[in-house]
Amino acid sequence: MITFDQTTKTYAGGVTAVKGVDFTVEQGEIVVLLGPSGCGKTTLLRMVNRLETISDGKIMIDGEDSMALDQIALRRKIGYVIQSNGLFPNMTIEENVMIVPDLLGWSKKEKKARFNKLMEMIGLSGDKFGKRYPHELSGGQQQRIGVIRALAADPPVMLMDEPFGALDPIIREKIQGEFLQIQKEVKKTILFVSHDIDEAIKMADKIVLLRGGELMQYDTPSEMLVRPKNEFVREFFGKDRAIKSLSLHTIQNLREIIGLAEFDEAITDTKTINVHHDLRNSLSMLLNQEAEQVIVSDDNGNKLGAITIDLVQKYLHFEIKAKPALVQKG
Ligand SMILES: Nc1ncnc2c1ncn2[C@@H]1O[C@H](COP(=O)(O)OP(=O)(O)O)[C@@H](O)[C@H]1O
Ligand SMILES: [Mg+2]
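Residues numbered from 1 in each chain as written. Chains lettered and ligands numbered in written order. Predicted model: local features only at pLDDT ≥ 70, side-chain atom pairs only at ≥ 80, totals over all residues. Heavy atoms only, no water.

What exactly am I supposed to notice about the nonpolar core here?
General note: in soluble globular proteins, nonpolar side chains tend to be found buried as a group. Residues Val97, Met119, Ile145, Met160, Phe164, Leu209 and Phe237 are the most contacted members of the largest nonpolar core, which totals 47 residues. Residue contributions to this core peak at 5 residues, all from helix α7 (residues 139-151). (Core = buried A, V, L, I, M, F, W, Y, C linked by side-chain atoms within 4.5 Å. Buried < 20%, exposed > 50% of the residue type's maximum accessible area, 1.4 Å probe, protein only. Helix = DSSP H or I, 4+ residues; strand = E, 2+ residues; numbered from the N terminus.)

Laid out in structure tokens, this is it:
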């Protein structure tokens, strides 16, 4: 758990980058720090592992004042991932990943086992890649290595500063999904910086929206989309925020609450979608095909009914407003 208590940062030049911010990141949650460039996201993150000093207020990590922890204790507790992956070019992949365990004095055997386990989590062979150098890997592979390096000593807390920001959109989406899968298993307490709304909605259990160093709203993605607290939040998520919130709900949620339509056997060229898909996918399928309905099937391919634009609209108007956040992450 990380608690920010009136946390404030004024740089030597006089810029106050973070102004009296208060919020708590619960154990096992991903909290995304979101906001326009220069709003203080990186500063806020770097105060947690003391790469920046705190000017006023404090940060508590699992009940301990961050200022009271020594460097070794900090390294043990906090993994750090940055956009430019920070791998050392003259060290092998294995050496890079094992930097912190090395510092902590792990045995050779412990390190080997840990390295192989971490590589397995990202779907790369430890034997094949361990002796290679960072430049021999693709950008996506390097970024994955950056992530497992931060996980190496199994720290309870992870700080991630736009970790996937330098990757092309397709690889980024893939790594985001992969990371959510890993998080299901490792359940770290994560502060994740992003300036990308879609990424924030996808990754976050909760979002901290910042503007000029001040906290505008701290809420679940769907609360923030559906009930913005002020004009800035409303504008930031934009006019299509209702559509964006659809990605947080599945066809199954709609089925349980308002039910599906009967499918018309006479329509033969209709596509089929699995009931666990999200409503944003469903809507784009509906909009991209001529037919007025898409057939919904369960995992065994049984037809459960059909989904129509009308149904999605009905759900959007009545249910999302009443019951946000039906979908579990990951
Ligand atoms: N080392 C520094 N010295 C002085 N001002 C800084 C320093 N780092 C960041 N700033 C200023 O603090 C503000 C917040 O920056 P930053 O935390 O990097 O924002 P973000 O990560 O949201 O883009 C900006 O106005 C930036 O210019
Ligand atoms: Mg930044």
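Here the narrative resumes, following the displayed structure.
Hey, could you run me through helix α8 (residues 169-186) in this one?
Quick reminder: α-helices carry 3.6 residues per turn. Residues three or four places apart thus point the same way. Its 18 residues give α8 an end-to-end C-alpha distance of 25 Å, which sits within 8% of 26 Å, the value for a rise of 1.5 Å per residue. Those residues of α8 that sit buried are Ile175, Gln176, Phe179, Leu180, Ile182 and Gln183. The buried residues of α8 occupy an angular sector of 165° when projected down its axis, which confines them to one face. Counted as exposed and oriented over 90 degrees from the buried face of α8: Ile170, Glu173, Lys174 and Glu185. A positive phi of about 45° marks Lys187, the residue just after α8. (Expected span 1.5 Å × (residues − 1). Arc of directions from axis to C-beta.)

Just checking my understanding: could you explain the site of ligand 1 for this structure?
For ligand 1, the full set of nearby residues is Tyr11, Val15, Ala17, Pro36, Ser37, Gly38, Cys39, Gly40, Lys41, Thr42 and Thr43. The side chain of Lys41 places a nitrogen or oxygen atom 2.9 Å from an oxygen atom of ligand 1. Here ligand 1 has 560 Å² of accessible area as a free molecule, and 59% of this is covered by the chains. Per-element tally for the shell around ligand 1: the top contributor is helix α1 (residues 41-48), with 3 residues. (Near = heavy atom within 4 Å. Polar contact = N/O pair within 3.5 Å; in protein donor to acceptor, adjacent residues only side chain to side chain. Areas by Shrake-Rupley, 256 points an atom, 1.4 Å probe, with all protein chains shown as cover.)

What exactly am I supposed to notice about the pattern of salt bridges here?
When their charged atoms lie close together, side chains carrying opposite charge are able to pair. Inspection of the entire model under this criterion finds 13 salt bridges. Across the salt bridge formed by Lys206 and Glu29, the nearest N and O atoms sit 3.2 Å from each other. On the criterion of sequence distance, the pair formed by Lys206 in strand β9 (residues 206-211) and Glu29 in the loop between β2 (16-25) and β3 (30-34) is long-range, its members being 177 residues apart. What makes Lys206 partly exposed here is its relative accessible area of 21%. The residue Lys112 makes a salt bridge to Glu94 at a minimum N-O spacing of 3.2 Å. (Salt bridge = Lys/Arg side-chain N within 4 Å of Asp/Glu carboxyl O.)

Help me understand the packing of α7 against α8, please; the structure alone is not making it clear to me.
Two quantities define a packed helix pair, namely the angle between the axes and the distance from one axis to the other. Contact geometry of α7 with α8 gives a least axis separation of 11 Å together with a crossing angle of 20°. As the angle between them shows, α7 and α8 are arranged roughly parallel. Handedness of the crossing formed by α7 with α8: right-handed. Of the residues in α8, those in contact with Gly140, Arg144, Val147 and Leu151 of α7 are Ile171, Lys174, Ile175, Glu178, Phe179, Ile182 and Val186. Counted by class, the contact of α7 with α8 contains 7 nonpolar, 1 polar and 3 charged residues. (Axes fitted to C-alpha atoms, helices over the stretch in contact; angles between N-to-C directions. Parallel < 35°, antiparallel > 145°, perpendicular 65-115°, else oblique. Left-handed = near helix turned anticlockwise from the far one by under 90°. Contact = heavy atoms within 4.5 Å. Nonpolar A, V, L, I, M, F, W, Y, C, P; charged D, E, K, R; others polar.)

Any chance you could explain empty space enclosed by the protein here in plain terms?
Enumeration over the complete set of coordinates arrives at 1 cavity of 30 Å³ or more. Here the largest cavity defines a volume of roughly 30 Å³. Every residue along the wall of the largest cavity is listed here: Ile122, Arg144, Val147, Ile175, Glu178, Phe179 and Ile182. Of all the elements in the fold, those that place two or more residues in the lining of the largest cavity are α7 and α8. Here the lining of the largest cavity gets 4 residues from one element, more than from any other, and that element is α8. Its residues assigned to classes, the lining of the largest cavity shows 5 nonpolar, no polar and 2 charged. (1 Å grid on protein atoms, 1.4 Å probe; cavity = no way out; pocket = protein on both sides within 12 Å on 5 of 7 lines; lining within 4 Å. Points joined across faces, edges and corners; volume = space filled by probe spheres on them.)

Sorry, what's going on with the domain arrangement of the chain here?
Note: interface size is frequently given as the accessible area lost on complex formation between the parts. What the domain assignment reports for the chain is domain 1 (2-238) and domain 2 (245-322). Taking only C-alpha atoms into account, the centre of domain 1 sits 35 Å from that of domain 2. Between domain 1 and domain 2, the residue contacts involve 7 residues of the former and 6 residues of the latter. Overall, the association of domain 1 and domain 2 removes approximately 480 Å² of surface from exposure, summing both partners, and the carbon and sulfur fraction of that is 64%. (Domains from an automatic or database assignment. Buried area = accessible area lost by both parts, 1.4 Å probe.)

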